[in-house]
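# Descriptive structure summary
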Amino acid sequence: MKNKDIINIGKFTFLTFLILGNICLIGYMIAKIEALAYYGFVLLLFATPVNLVVIIILIIYGIIHQSYLKDCIKASLIICFNIPIAILYFYLGMFLMDF
């Protein structure tokens, strides 16, 4: 695997769940369809283990192939940028739904 491919895995994972979260949150804010809020919370439950598995695989790959460790850590950190965004979206969703 090339260094560029490893970084692209992190970017793809980050952007996929960021875009899905944005669709759920902005869709709910605009249309007030509660199903979008529900799917947003389900997305949190689904995205957390998926992101963790991708991070673990990247770190293990980096440990096995030491020359790629730095890029695997960078890709993992890119994925970790979703954590504060997900927390913000969670509390924003709870506020919007009056919980």
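Residue numbers here run from 1 along each chain, matching the order of that chain's written sequence. Totals for whole chains, interfaces and linings use all residues, but because this is a predicted model, local features are given only for residues with pLDDT of at least 70 and pairs of side-chain atoms are given and counted only at 80 or more. Excluded from the side-chain calculations are hydrogens and water; all other atoms, namely the structure's heavy atoms, are used.

## Digging into the packing of aromatic side chains
- Pairing of aromatic rings covers Phe, Tyr and Trp, the last through its six-membered ring, and needs centres within 6.5 Å; plane angles under 30 degrees mean stacked, over 60 mean edge-to-face, and all others mean tilted. Counted according to the given criterion, the structure contains five aromatic pairs.
- An angle of 25 degrees between the planes, with centres 5.9 Å apart, marks the rings of Tyr-61 and Tyr-68 as stacked.

## Notes on the layout of surface pockets
- A 1.4 Å probe that fits but cannot get out identifies a cavity on a 1 Å grid over protein atoms alone, an open set with protein on both sides within 12 Å along at least five of seven lines counts as a pocket, and a residue lines either if it has an atom within 4 Å of a point. Grid points are joined across faces, edges and corners, and a volume is the space filled by probe spheres set on the points. Empty space within the largest pocket amounts to approximately 480 Å³.
- Taken together, 26 residues form the lining of the largest pocket, with Leu-44, Asn-82, Ile-85, Ala-86 and Tyr-89 sitting closest to its centre.
- Secondary structure follows DSSP: runs of H or I at least 4 residues long count as helices, runs of E at least 2 residues long count as strands, and numbering of each begins at the N terminus. Elements represented by at least two residues in the lining of the largest pocket include exactly helix 1 (3-31), helix 2 (34-64) and helix 4 (82-96).
- With 11 residues, helix 2 is the single largest residue contributor to the lining of the largest pocket.
- Gly is put with the polar residues, along with every residue not named as nonpolar or charged; the nonpolar set is Ala, Val, Leu, Ile, Met, Phe, Trp, Tyr, Cys and Pro, and the charged set is Asp, Glu, Lys and Arg. For the lining of the largest pocket, the per-class residue count stands at 20 nonpolar, six polar and no charged.

## What to know about the packing of helix 1 against helix 3 (residues 69-80)
- Every axis in this analysis is a line fitted to C-alpha atoms, fitted for helices over the stretch in contact. Angles between the N-to-C directions lie between 0 and 180 degrees. Contact geometry of helix 1 with helix 3 gives a least axis separation of 8 Å together with a crossing angle of 10 degrees. One element, helix 1, and the other, helix 3, form an angle in the roughly parallel class. Seen from helix 1, the contacting residues are Asn-3, Ile-6, Ile-7, Gly-10, Lys-11, Thr-13 and Phe-14; seen from helix 3, they are Asp-71, Cys-72, Lys-74, Ala-75, Ile-78 and Ile-79.
- Grouping the constituent residues of the contact of helix 1 with helix 3 by class yields seven nonpolar, three polar and three charged. Roughly parallel here means an angle under 35 degrees, roughly antiparallel means over 145, roughly perpendicular means 65 to 115, and every remaining angle is called oblique. The contact rule is simple, with two residues in contact once any of their heavy atoms fall within 4.5 Å.

Don't take any of this as a statement about function, it's just geometry.
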